[in-house]
Amino acid sequence: MKVGAATLVGGIFGSVGTLCFFIAFATDYWLVASDNCGPNTWPTQTALTGEKDANGTEIQSVEVVTDGPLLSLTLHHEGFFWRCVFQVEPSAHAVLATLFTNQPESKVCVHGYLFPLPVALGQVPHPSYDATAVFRGFWTVLIILGLVAALTGLFLLVCGGPFISHKLYKLGGAFLVTAACLFLFMLLLYVLWMELVEVERYVLQERMEACPSAQVSVLYGLSFMVAAAGVPLELVSGLVFMLVGRALHASK
């Protein structure tokens, strides 16, 4: 009876924790930032133009066509897949303005999994190249490995449930604990990047020279918070299933 209750609680915690990891991976709200570096205009039309960088690789740059000066605050949000920029009223709250219900038509997004390596439009290395890009590289690897470990652990636990296999319970619990540790290390790495690196320069990139005194506000996004909430759930679930596996083995 106690083993069954522990298995139920561990399954709920593991499922919710894995869901948190998946949401954090799939959404693009890890970094939320705002700046007042112009143009003080509202984009009404965007066009993509193909260019080639110094390496001969074809890239896409964005040309923004405006109708007149209306807004001056630029919001940024990004995650694993996308890095998006759009303009809002100066009084708008950065986190609330980036929610799914507040998506303007003027939003411009580029692939985010290569950042913080700015796209080189001219000389290489690019003047705004971030020497700490290794943070993003490790972050990308850890979030993928963590998600794979969590899904593998749940799969093993689902397979071990009907057969009450103590080996699958132990192995599945070990995978969940590994996923929690990977996400925890990834979160710590992200915090180091946010606190120790000049993130304002990363947000402005090429506009840094045009706006040396721009005011930049950087926040931890909802994706970061969801991932942080999933770590203790996943860790507790993994430990519970490892204990259940040990109890089942001892009872035989």
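Values in this document were obtained by computation on a predicted structure and should not be read as measured data.

1. Re the overall build of the protein
Along its length, the protein carries six helices and seven strands. Helices and strands in the protein line up, N terminus first, as α-β-β-β-β-β-α-β-α-α-α-β-α. In the protein, once contacts between residues fewer than 6 apart in sequence are set aside, the share between residues at least 24 apart is 74%.

2. Structural notes on the state of the cysteines
Going through the model one piece at a time under the given rule, you end up with one disulfide. The disulfide bridge from Cys84 ends at Cys109, spanning 2.0 Å between sulfur atoms. Between Cys84 and Cys109 the sulfur-sulfur dihedral comes to about 110 degrees; the bridge is accordingly right-handed. Here Cys84, found in strand β5 (residues 82-88), pairs with Cys109, found in strand β6 (residues 108-111); they are 25 residues apart in sequence, far enough to count as distant. For Cys109, a relative accessible area of 33% gives the class partly exposed.

3. As for the pairing of strand β4 (residues 73-78)
β4 sits mainly inside the fold: six of its six residues count as buried. Where burial is concerned, the two faces of β4 agree: the one with Leu73, Leu75 and His77 and the one with Thr74, His76 and Glu78 are both buried. Summarising the sheet, strand β1 (residues 31-35) and β4 pair through five bridges and their orientation is antiparallel. Its bridge partner lying in β4, Val32 is registered against His77. Of the pairings in the sheet, the one linking β4 to β5 comprises six bridges and is antiparallel in character. Residue pairing across strands places Leu73 opposite Val88, the latter belonging to β5. Hairpin connection, β4 to β5: the antiparallel pair is bridged by three residues.

4. Details of the confidence of the model for the protein
The predicted coordinates ought not to be read in detail in places where the model reports low pLDDT. When pLDDT is averaged along the protein, the result is 75; 67% of the residues meet or exceed 70. Ignoring residues within four places in sequence, the model shows residues 40-49, a span with pLDDT below 50, making 43 contacts including any to other chains. In this model, residues 116-125 is a region of pLDDT below 50 whose contacts with residues beyond four sequence positions or in other chains number 25 contacts.

5. Let's talk about helix α1 (residues 2-26)
Taking 1.5 Å per residue as the helical rise, α1 with its 25 residues ought to reach 36 Å, and the 36 Å between its terminal C-alpha atoms agrees with that figure. Within α1, burial applies to Thr7, Gly10, Gly14, Gly17, Thr18, Cys20, Phe21, Ala24 and Phe25.

6. Topic: the packing of aromatic side chains
The full count for this structure, using the stated rule, is 13 aromatic pairs. Members of the aromatic cluster, joined through ring pairs, are Trp30, Trp139, Tyr190, Trp193, Tyr220 and Phe224.

7. Some points on the packing of α1 against helix α6 (residues 222-251)
Across the interface, α1 lies against α6 with an axial gap of 7 Å and an inter-helix angle of 150 degrees. Relative to α6, the element α1 lies roughly antiparallel. Crossing hand, α1 versus α6: left-handed. Along the lines of polarity and charge, the residues of the contact of α1 with α6 split into 18 nonpolar, nine polar and one charged.

8. Here's the deal with the pairing of β1
The buried count for β1 comes to five of five residues, which makes it a mostly enclosed element. Alternating residues of β1 divide into Leu31, Ala33 and Asp35 and Val32 and Ser34, and every residue in both groups is buried.

9. Examining the environment of Cys84
Residue Cys84 is classed as buried on the basis of its relative accessible area, which comes to 3%. Spatially, the C-alpha atom of Cys84 lies 8.7 Å from that of His111, the residues being 27 residues apart in sequence. Setting aside anything within four residues of it in sequence, one finds Cys84 in contact with Leu75, His76, His77, Lys107, Val108 and Cys109.

10. Observations regarding the environment of Trp193
Of note, Trp193 is situated in helix α4 (residues 166-196). A C-alpha to C-alpha distance of 9.9 Å links Trp193 and Val134, two positions 59 residues apart in sequence.

Definitions and cut-offs
- Residues numbered from 1 in each chain as written.
- Predicted model: local features only at pLDDT ≥ 70, side-chain atom pairs only at ≥ 80, totals over all residues.
- Heavy atoms only, no water.
- Helix = DSSP H or I, 4+ residues; strand = E, 2+ residues; numbered from the N terminus.
- Contact = heavy atoms within 4.5 Å.
- Disulfide = S-S within 2.5 Å.
- Buried < 20%, exposed > 50% of the residue type's maximum accessible area, 1.4 Å probe, protein only.
- Pairing = 2+ DSSP bridges.
- pLDDT = per-residue confidence, 0-100.
- Expected span 1.5 Å × (residues − 1).
- Phe/Tyr/Trp six-rings, centres within 6.5 Å; stacked < 30°, edge-to-face > 60°.
- Axes fitted to C-alpha atoms, helices over the stretch in contact; angles between N-to-C directions.
- Parallel < 35°, antiparallel > 145°, perpendicular 65-115°, else oblique.
- Left-handed = near helix turned anticlockwise from the far one by under 90°.
- Nonpolar A, V, L, I, M, F, W, Y, C, P; charged D, E, K, R; others polar.

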